[in-house]
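# Structural overview for review
Given next are the chains, with one letter for each unit.
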Amino acid sequence: GNSVTQMEGPVTLSEEAFLTINCTYTATGYPSLFWYVQYPGEGLQLLLKATKADDKGSNKGFEATYRKETTSFHLEKGSVQVSDSAVYFCALVNAGGTSYGKLTFGQGTILTVHP
Amino acid sequence: DTAVSQTPKYLVTQMGNDKSIKCEQNLGHDTMYWYKQDSKKFLKIMFSYNNKELIINETVPNRFSPKSPDKAHLNLHINSLELGDSAVYFCASSQGGAGTEAFFGQGTRLTVV
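The notes below deal with the structure included here. Since the model is a prediction, treat every value here as computed from it, not as a measurement. (Residues numbered from 1 in each chain as written. Chains lettered and ligands numbered in written order. Predicted model: local features only at pLDDT ≥ 70, side-chain atom pairs only at ≥ 80, totals over all residues. Heavy atoms only, no water.)

## Considering the sheet that holds strand E7 (residues 56-59) of chain A
Residues and elements named next belong to chain A. Short version of the rule: Two strands qualify as a pair provided DSSP detects at least 2 bridges between them. Only DSSP runs of H or I with at least four residues qualify as helices, and only runs of E with at least two residues qualify as strands; both kinds are numbered from the N terminus onward. The angle between two axes is taken between their N-to-C directions and runs from 0 to 180 degrees, where each axis is a line fitted to C-alpha atoms and a helix contributes only its stretch in contact.
With antiparallel pairing, the 4 strands of this open sheet are ordered in space as E3-E9-E8-E7. Looking at which strands have only one partner, the edges of the open sheet turn out to be strand E3 (19-21) and E7. Mean inter-strand twist for the sheet, computed between neighbouring axes without regard to direction, equals 15 degrees. Looking at chain direction, strand E8 (residues 62-65) and strand E9 (residues 75-77) are connected through 3 bridges and run antiparallel.

## Some remarks on the side chain of arginine 63 of chain B
Put simply, the test is: Whether two residues are in contact is decided by their heavy atoms: any pair within 4.5 Å suffices.
Counting through the fold element by element, arginine 63 of chain B comes out in the loop between strand E6 (53-57) and strand E7 (64-70). Sequence-distant contacts of arginine 63 of chain B, defined by excluding residues within four places in its chain, comprise His77, Ile78, Asn79, Ser80, Leu81, Glu82 and Asp85 of chain B.

## Remarks on the nonpolar core
To keep things clear, this is the line we draw: By nonpolar core is meant a set of buried Ala, Val, Leu, Ile, Met, Phe, Trp, Tyr and Cys residues that side-chain atoms within 4.5 Å join together. Accessible area is worked out with a 1.4 Å probe on protein chains only. A residue is then buried under 20% of its type maximum, exposed over 50%, and partly exposed in between.
By size, the foremost hydrophobic cluster in this structure holds 26 residues, and its most contacted members are Leu19, Trp35, Leu47, Leu48, Phe73, Leu75 and Tyr88 of chain A. Top element by residues in this core is strand E10 (residues 86-93) of chain A. It accounts for 4 residues. If near-sequence neighbours (up to four positions away) are discounted, phenylalanine 73 of chain A is found in contact with Cys23, Leu33, Phe34, Trp35, Leu48, Lys49, Ala50, Ala64, Thr65, Tyr66 and Cys90 of chain A. Of all hydrophobic cores here, the second largest spans 20 residues; its members include Leu11, Phe64, Leu76 and Ile78 of chain B.

## Focus on the interface of chain B and chain A
For clarity, the threshold we go by: The term buried area denotes the loss of accessible surface (1.4 Å probe radius) that occurs when two parts are joined, taken as the sum for both partners. Salt bridges are defined as contacts in which a side-chain nitrogen from Lys or Arg sits within 4 Å of a carboxyl oxygen from Asp or Glu. Two N or O atoms form a polar contact when they lie within 3.5 Å of each other; inside protein one atom must be a possible hydrogen donor and the other a possible acceptor, and for residues adjacent in sequence the pair counts only when both atoms belong to side chains. Charged residues are taken to be Asp, Glu, Lys and Arg, nonpolar residues to be Ala, Val, Leu, Ile, Met, Phe, Trp, Tyr, Cys and Pro, and polar residues to be all remaining types, Gly included.
Tallying the contact residues gives 25 residues for chain B and 25 residues for chain A. Buried area between chain B and chain A, both sides added, is near 1900 Å², and the carbon and sulfur share of it is 60%. In this assembly, chain B and chain A are joined by 1 salt bridge. For the interface between chain B and chain A, the tally reads 4 residue pairs in polar contact (both at pLDDT 80 or more). Elements with a minimum of two residues in the side of chain B that touches chain A: strand E4 (31-37), strand E5 (43-50) and E6 of chain B. Ranked by residue count, the leading element in the side of chain B that touches chain A is E4 of chain B, at 4 residues. Here the side of chain B that touches chain A is composed, by residue class, of 11 nonpolar, 9 polar and 5 charged.

Structure follows, in structure tokens:
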């Protein structure tokens, strides 16, 4: 079956530090890959996505590249802000009509950024 | 105008009670979902409906019953609530394709006492 593994958290950084959150996956075929973010007390929002190998998703200074050879989709940001403090989820959707867009999530990584 | 809205946001109830959570989306999507987030933030799908038809039913106790009166609504009814049902429940919708984005509601924090 499908699975997503994220790096252990929580992650605590100072403002303007570089961020990497590792994500690897197991899936059949060519899944679509996503990063979702959950701010305190809110639902999940899509941060970025990539639908095929070597695609780079980017949004709000965050980037992630779909690496099929290493089955990875690591999230990076060059300079984090206090407002980036949230829980980050890596997720995948299997290709094929029977997936119906069902998301398989990693365990989430809590990020705290201090001034 | 909220894309996916669910009510209530907070629900505190006693063991053994029956409760419902409502969800509505105004995005015109064909597919809706219920996800459960446990105390460690882990998210897992429970159910999915496509055009009012149940298409995904993960291993969930029979006490949980989804109902979709039309494709814009997906409600979750829970019978005989147990302490272990305490969690945050998220409704979501999407077009259902492999690469499409899911839009999530704000969540319902259910606490069973």
